[in-house]
Amino acid sequence: MSLAKFIENFEEAVEDIEPGSLTATTKYRELEAWDSLAFLTVIAMIDAEYDVRIKGDVLKNCETLEALYAQVSA
Amino acid sequence: MVSTMAKSSFKQIQIGGVVTCVPPLEKCIDDEVDLFGGNEKQIARLKKTIGLNRRRVVEPGTTAADLCEAAARRLLNATSLEPEAIDAVIFVTQTPDYSQPCNAAVLHGRLDLPKSCAALDVNLGCSGYVYGLWLAHMMVSAGGCERVLLLAGDTISRIVNPRDRSVAPLFGDGGSATLIQRSKCQSTAWFSLETDGKGFDALIVPAGGQRTPSSVETQAEVTDEGGNVRSAENLFMNGAEIFNFSITEEPKAVRDLVEYAGLDLDAVDYFVFHQSNRYILSNIAKRLKIDLAKVPMRTVERYGNQSSASIPSALCGELQDVLCGAKTQRVLLSGFGVGLSWASVILDMAKLPICEIIESAPSE
């Protein structure tokens, strides 16, 4: 699993995000598309693609996509 | 090896009719643009994926007891039953008229049920309808009851904060009445019931009970980091935890129950889940690899998440034709949520004399 692929999966999971528009340092919680639905679809994506049950608190406390990726791959 | 859980099976007991009553007042998420800070794109996303759209809410003066009374009267009428025919009444609710006496006793009086009738409440929500069916089956099976009236209803719209985006647009109100009776049919009903009480605070009204009695502090509104407003006496939902719980436990519970029954998933005609939101249901259905045509999931967008009434509401609103038809349908009902509690049943239904949604009269 790679960070680039994780970013791709994230872009696909969240509605109204352009593919290729996000980077490792994107502060995902500040995106316009980040809402309670995005929250759930990302949890579902992380579970389906990485077999990891990410906790809501982790998702709420990470700043960037690479920080989130670090939690998922830990 | 199938995990151990409260599993049981029953024969010669059937559902003899279901009615769900909804209040006439309808709210639509399109009219709540202000609640979402004018973000119409977000509303479009929620409509499309979670399935939020319209919901029914009671006006002050109408309670779950009223909705269930209307449903019960319609049910008794349609099945030509006198009140004397009822041996037990179970009322599943988390929004009773009073903290005491129980709603079942209050309805017992209003419906003129006989003194020989047992009455009790069950304080469960999402899993409550299936728990109620299980209790009813046990009551009939034990010999003392020929007919049990199961009432299940809630007015969650009254306990959410209208400025809490995480819950206010989700929950609708409803009350249902179901008849469970001894019959000559040979089909079996299989039940499983489970709990994880460590998740008690994932879906909770924190104050107003005995643990933290009502006070000026508990009624004070607080704004969370998401901009949602609620007091300690409003319903709080940890969406991530409930979601994780649902997609983890539900598919497992369904597979285990189907195995316990000696069946496979193809043998089930319809999977009627607690109608929490369409995204969770699609996710569960995809994990189970079941045909989405077998999974009713339109109830949330029409009536909202109706808590203990959501499963009967889906039966009445989406499966009326097949359940009233001549051909026997093998259905799996499964409720999951507050507690954390989850319960599932596989049973046959056919030729229901009534399976419909009715509307209550407007409040005086």
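My aim in this report is to walk through the structure given alongside it, one point at a time. Within each chain, residue numbers correspond to sequence positions counted from 1 in written order. Key to labels: chains lettered from A, ligands numbered from 1, both in the order written. Reporting in this predicted model follows two pLDDT cut-offs: at least 70 for local features of residues, and 80 or more for side-chain atom pairs to be given and counted; totals over whole chains, interfaces and linings ignore these cut-offs and use all residues.

So, on to the sheet that holds strand 17 (residues 355-359) of chain B. Residues and elements named next belong to chain B. Whether two strands pair depends on DSSP finding at least two bridges between them. Numbered from the N terminus, helices here are DSSP runs of H or I no shorter than four residues, and strands are runs of E no shorter than two. On the basis of which strands lie adjacent, the open sheet formed by 6 strands has the order 6-5-7-8-2-17 and mixed pairing. Edge positions in the sheet fall to strand 6 (118-122) and strand 17, since each of these pairs with one other strand and no more. When the angles between neighbouring strand axes are averaged without regard to direction, this sheet yields 15 degrees. Alignment of strand 2 (residues 13-22) against strand 17, held across 5 bridges, turns out to be parallel. Bridge assignment links V19 to a residue of strand 17, and that residue is E356. What counts as an axis is a line fitted to C-alpha atoms, over the stretch in contact for a helix, and the angles between N-to-C directions run from 0 to 180 degrees.

With that settled, consider unusual backbone geometry. Residues and elements named next belong to chain B. For the peptide bond that leads from Q100 to P101, omega is 5 degrees, which places it in the cis range. Within the secondary structure, P101 sits in the loop between strand 5 (88-92) and helix 3 (103-110). Of note in this structure, D112 is not a glycine but carries a positive phi near 55 degrees. Locating D112 in the fold gives a position in the loop between helix 3 and strand 6. Its identity is not glycine, yet S307 carries a phi of approximately 55 degrees, on the positive side.

Residues and elements named next belong to chain B. Across the sheet, which stays open at both edges, the 5 strands sit in the order 1-9-16-15-14 with mixed pairing between neighbours. Looking at which strands have only one partner, the edges of the open sheet turn out to be strand 1 (6-11) and strand 14 (270-273). Sheet twist, expressed as the mean angle between neighbouring strand axes with direction ignored, is 15 degrees. Pairing of strand 1 with strand 9 (residues 188-195), which is carried by 6 bridges, proceeds in the antiparallel orientation. Across the sheet, S9 pairs through a bridge with W190, a residue of strand 9. Contacting strand 1, strand 9, strand 15 (329-337) and strand 16 (341-349), helix 5 (residues 239-260) crosses the sheet at an angle of about 145 degrees to strand 15. What counts as a contact is two residues whose backbone-derived C-beta atoms lie within 7 Å of each other.

Treat this as a map of the structure, not an account of what it does.
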